[in-house]
Amino acid sequence: MFKILLVILISYMIGNFSTSYILGKYLKNVDIRTKGSGNAGATNALRVFGKKIALFTFFVDALKGIVAVIVGRMILQDTGGLIAGVFVIVGHNWPVVLKFKGGKGIATTIGAASFINPIPAIIAIIIGIIIIIKTKYVSLGSISAMALVPFISLLVVNPFNLEYFIFLVILSLMAVYRHKTNIKRLLNGEESKLGQKA
(Lines give C-alpha, C1' and ligand atoms only; values in the text may rest on other atoms or scores of the structure.)
Protein backbone atom coordinates (compact mmCIF):
# COMPACT_ATOMS: atom_id res chain seq x y z
CA MET A 1 0.00 0.00 0.00
CA PHE A 2 2.84 2.40 0.86
CA LYS A 3 4.39 1.91 -2.58
CA ILE A 4 1.05 2.57 -4.31
CA LEU A 5 0.57 5.80 -2.34
CA LEU A 6 4.16 6.80 -3.12
CA VAL A 7 3.63 6.29 -6.85
CA ILE A 8 0.37 8.27 -6.71
CA LEU A 9 1.97 11.17 -4.83
CA ILE A 10 5.12 11.41 -6.97
CA SER A 11 3.29 11.12 -10.30
CA TYR A 12 0.63 13.61 -9.22
CA MET A 13 3.30 16.16 -8.28
CA ILE A 14 5.11 15.63 -11.58
CA GLY A 15 1.82 16.42 -13.29
CA ASN A 16 1.58 19.65 -11.28
CA PHE A 17 4.46 21.09 -13.31
CA SER A 18 2.41 23.31 -15.63
CA THR A 19 4.61 24.11 -18.61
CA SER A 20 2.35 26.64 -20.33
CA TYR A 21 1.65 28.49 -17.09
CA ILE A 22 5.36 28.75 -16.20
CA LEU A 23 6.42 29.82 -19.68
CA GLY A 24 3.59 32.32 -19.92
CA LYS A 25 4.40 33.85 -16.55
CA TYR A 26 8.16 34.09 -16.98
CA LEU A 27 8.41 34.86 -20.70
CA LYS A 28 5.24 36.89 -21.29
CA ASN A 29 4.12 37.88 -17.78
CA VAL A 30 0.71 36.38 -18.63
CA ASP A 31 -1.35 33.78 -16.78
CA ILE A 32 -2.50 31.56 -19.65
CA ARG A 33 -5.56 30.58 -17.61
CA THR A 34 -6.89 34.11 -18.08
CA LYS A 35 -6.52 34.07 -21.88
CA GLY A 36 -8.08 32.20 -24.76
CA SER A 37 -9.96 29.11 -23.59
CA GLY A 38 -8.49 29.43 -20.09
CA ASN A 39 -6.85 26.04 -20.47
CA ALA A 40 -3.24 25.56 -19.34
CA GLY A 41 -2.20 23.34 -22.23
CA ALA A 42 -0.45 23.29 -25.59
CA THR A 43 -3.47 24.14 -27.77
CA ASN A 44 -4.29 27.27 -25.81
CA ALA A 45 -0.58 28.12 -25.69
CA LEU A 46 -0.62 28.05 -29.50
CA ARG A 47 -3.52 30.49 -29.62
CA VAL A 48 -2.15 32.80 -26.95
CA PHE A 49 1.65 32.62 -27.32
CA GLY A 50 2.38 31.11 -30.74
CA LYS A 51 4.07 28.03 -32.16
CA LYS A 52 7.38 27.97 -30.28
CA ILE A 53 5.93 28.06 -26.78
CA ALA A 54 3.15 25.68 -27.83
CA LEU A 55 5.61 23.09 -29.19
CA PHE A 56 7.82 23.33 -26.12
CA THR A 57 4.74 23.00 -23.90
CA PHE A 58 3.61 19.90 -25.78
CA PHE A 59 7.07 18.31 -25.57
CA VAL A 60 7.52 18.92 -21.85
CA ASP A 61 3.96 17.89 -20.99
CA ALA A 62 4.45 14.63 -22.91
CA LEU A 63 7.79 14.14 -21.17
CA LYS A 64 6.02 14.41 -17.80
CA GLY A 65 3.99 11.35 -18.70
CA ILE A 66 7.10 9.38 -19.66
CA VAL A 67 9.03 10.35 -16.53
CA ALA A 68 6.12 9.46 -14.27
CA VAL A 69 5.74 6.01 -15.86
CA ILE A 70 9.48 5.35 -15.47
CA VAL A 71 9.36 6.33 -11.79
CA GLY A 72 6.23 4.24 -11.25
CA ARG A 73 7.87 1.18 -12.77
CA MET A 74 10.97 1.67 -10.64
CA ILE A 75 8.82 1.58 -7.50
CA LEU A 76 6.11 -0.94 -8.43
CA GLN A 77 6.99 -2.56 -11.77
CA ASP A 78 4.42 -2.51 -14.60
CA THR A 79 1.46 -1.88 -12.32
CA GLY A 80 3.27 1.13 -10.90
CA GLY A 81 3.75 2.46 -14.41
CA LEU A 82 0.03 2.26 -15.10
CA ILE A 83 -0.87 3.93 -11.80
CA ALA A 84 1.69 6.66 -12.45
CA GLY A 85 0.33 7.17 -15.97
CA VAL A 86 -3.13 7.87 -14.57
CA PHE A 87 -2.07 10.16 -11.74
CA VAL A 88 0.42 12.27 -13.67
CA ILE A 89 -2.53 13.19 -15.90
CA VAL A 90 -4.70 13.87 -12.85
CA GLY A 91 -1.92 16.16 -11.61
CA HIS A 92 -1.77 17.95 -14.94
CA ASN A 93 -5.53 18.38 -15.20
CA TRP A 94 -6.19 19.28 -11.57
CA PRO A 95 -2.91 20.67 -10.12
CA VAL A 96 -3.07 21.61 -6.46
CA VAL A 97 -0.41 24.30 -7.00
CA LEU A 98 -2.72 26.10 -9.46
CA LYS A 99 -5.88 25.65 -7.40
CA PHE A 100 -6.88 22.63 -9.50
CA LYS A 101 -7.16 24.62 -12.73
CA GLY A 102 -4.84 22.91 -15.21
CA GLY A 103 -4.86 21.53 -18.72
CA LYS A 104 -6.77 18.81 -20.52
CA GLY A 105 -4.02 16.21 -20.38
CA ILE A 106 -3.70 15.20 -24.03
CA ALA A 107 0.07 15.72 -24.37
CA THR A 108 0.72 14.05 -21.01
CA THR A 109 -1.59 11.21 -22.00
CA ILE A 110 0.30 10.77 -25.27
CA GLY A 111 3.60 10.61 -23.39
CA ALA A 112 2.43 8.08 -20.81
CA ALA A 113 0.39 5.88 -23.15
CA SER A 114 3.02 5.84 -25.91
CA PHE A 115 5.77 4.87 -23.49
CA ILE A 116 3.73 2.03 -21.95
CA ASN A 117 2.63 0.58 -25.28
CA PRO A 118 3.32 2.62 -28.41
CA ILE A 119 1.24 0.74 -31.00
CA PRO A 120 -2.33 1.58 -29.83
CA ALA A 121 -1.22 5.11 -28.96
CA ILE A 122 0.40 5.72 -32.35
CA ILE A 123 -2.66 4.42 -34.23
CA ALA A 124 -4.92 6.68 -32.15
CA ILE A 125 -2.58 9.65 -32.69
CA ILE A 126 -2.62 9.11 -36.46
CA ILE A 127 -6.44 9.02 -36.44
CA GLY A 128 -6.52 12.18 -34.34
CA ILE A 129 -4.09 13.99 -36.66
CA ILE A 130 -6.13 13.04 -39.74
CA ILE A 131 -9.28 14.41 -38.10
CA ILE A 132 -7.49 17.63 -37.12
CA ILE A 133 -6.14 18.10 -40.66
CA LYS A 134 -9.55 17.48 -42.20
CA THR A 135 -11.63 19.56 -39.78
CA LYS A 136 -9.13 22.02 -38.21
CA TYR A 137 -10.64 21.15 -34.83
CA VAL A 138 -7.91 20.07 -32.39
CA SER A 139 -10.51 19.18 -29.78
CA LEU A 140 -12.39 16.87 -32.15
CA GLY A 141 -9.20 15.06 -33.08
CA SER A 142 -8.20 14.72 -29.42
CA ILE A 143 -11.62 13.50 -28.30
CA SER A 144 -11.90 11.01 -31.16
CA ALA A 145 -8.43 9.57 -30.62
CA MET A 146 -8.92 9.19 -26.89
CA ALA A 147 -12.38 7.65 -27.26
CA LEU A 148 -11.02 5.09 -29.72
CA VAL A 149 -7.74 4.08 -28.09
CA PRO A 150 -9.20 1.46 -25.67
CA PHE A 151 -10.96 -0.25 -28.59
CA ILE A 152 -7.82 -0.05 -30.73
CA SER A 153 -5.96 -1.84 -27.94
CA LEU A 154 -8.45 -4.70 -28.12
CA LEU A 155 -7.53 -5.22 -31.77
CA VAL A 156 -3.75 -4.91 -31.58
CA VAL A 157 -2.68 -5.97 -28.06
CA ASN A 158 -2.22 -9.72 -27.76
CA PRO A 159 -2.58 -11.31 -25.27
CA PHE A 160 -5.35 -9.19 -23.74
CA ASN A 161 -4.21 -7.29 -20.64
CA LEU A 162 -7.07 -6.25 -18.36
CA GLU A 163 -4.98 -3.80 -16.30
CA TYR A 164 -3.77 -2.04 -19.43
CA PHE A 165 -7.29 -1.92 -20.91
CA ILE A 166 -8.67 -0.37 -17.70
CA PHE A 167 -5.79 2.12 -17.77
CA LEU A 168 -6.77 3.22 -21.29
CA VAL A 169 -10.46 3.44 -20.40
CA ILE A 170 -9.63 5.72 -17.45
CA LEU A 171 -7.43 7.91 -19.67
CA SER A 172 -10.19 8.04 -22.29
CA LEU A 173 -12.86 9.02 -19.76
CA MET A 174 -10.68 11.75 -18.27
CA ALA A 175 -9.90 13.20 -21.69
CA VAL A 176 -13.52 13.24 -22.83
CA TYR A 177 -14.64 14.75 -19.51
CA ARG A 178 -12.02 17.51 -19.73
CA HIS A 179 -13.31 18.34 -23.21
CA LYS A 180 -16.98 18.61 -22.18
CA THR A 181 -17.11 22.35 -22.94
CA ASN A 182 -15.45 21.71 -26.32
CA ILE A 183 -18.08 19.09 -27.08
CA LYS A 184 -20.82 21.64 -26.37
CA ARG A 185 -19.13 24.21 -28.61
CA LEU A 186 -18.66 21.65 -31.38
CA LEU A 187 -22.33 20.74 -31.24
CA ASN A 188 -23.26 24.44 -31.35
CA GLY A 189 -20.79 25.26 -34.15
CA GLU A 190 -18.87 27.63 -31.88
CA GLU A 191 -15.57 25.78 -31.45
CA SER A 192 -12.38 27.60 -32.51
CA LYS A 193 -10.43 26.07 -35.37
CA LEU A 194 -6.69 25.46 -35.51
CA GLY A 195 -4.86 28.68 -36.29
CA GLN A 196 -7.45 31.00 -34.82
CA LYS A 197 -5.97 33.54 -32.43
CA ALA A 198 -7.33 34.01 -28.93
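Residues numbered from 1 in each chain as written. Predicted model: local features only at pLDDT ≥ 70, side-chain atom pairs only at ≥ 80, totals over all residues. Heavy atoms only, no water.

With respect to the nonpolar core
1) Next: Among the nonpolar cores identified, the biggest contains 31 residues, and Tyr164, Phe167 and Leu171 are the most heavily contacted of them.
2) Next: Broken down by secondary-structure element, the contributors of at least two residues to this core are helix H1 (2–15), helix H4 (51–93), helix H5 (106–116), helix H6 (118–135), helix H7 (138–156) and helix H8 (162–178).
3) Next: The element that contributes the greatest number of residues to this core is H4, accounting for 11 residues.
4) Next: Phe167 has contacts with Leu82, Gly85, Val86, Ala113 and Ile116, leaving out every residue within four places of it along the chain.
5) Next: Residues Ala40, Phe49, Ile53 and Ala54 belong to the second largest nonpolar core, which totals 8 residues. (Core = buried A, V, L, I, M, F, W, Y, C linked by side-chain atoms within 4.5 Å. Buried < 20%, exposed > 50% of the residue type's maximum accessible area, 1.4 Å probe, protein only. Helix = DSSP H or I, 4+ residues; strand = E, 2+ residues; numbered from the N terminus. Contact = heavy atoms within 4.5 Å.)

Examining unusual backbone geometry
1) Next: Along the chain, Asn158 connects to Pro159 via a cis peptide bond; the corresponding omega equals 5 degrees.
2) Next: Positive phi values are uncommon outside glycine, yet Lys99 reaches one of about 55 degrees.
3) Next: Of note, Lys99 is situated in the loop between H4 and H5.
4) Next: By relative accessible area, which is 74% here, Lys99 ends up exposed.

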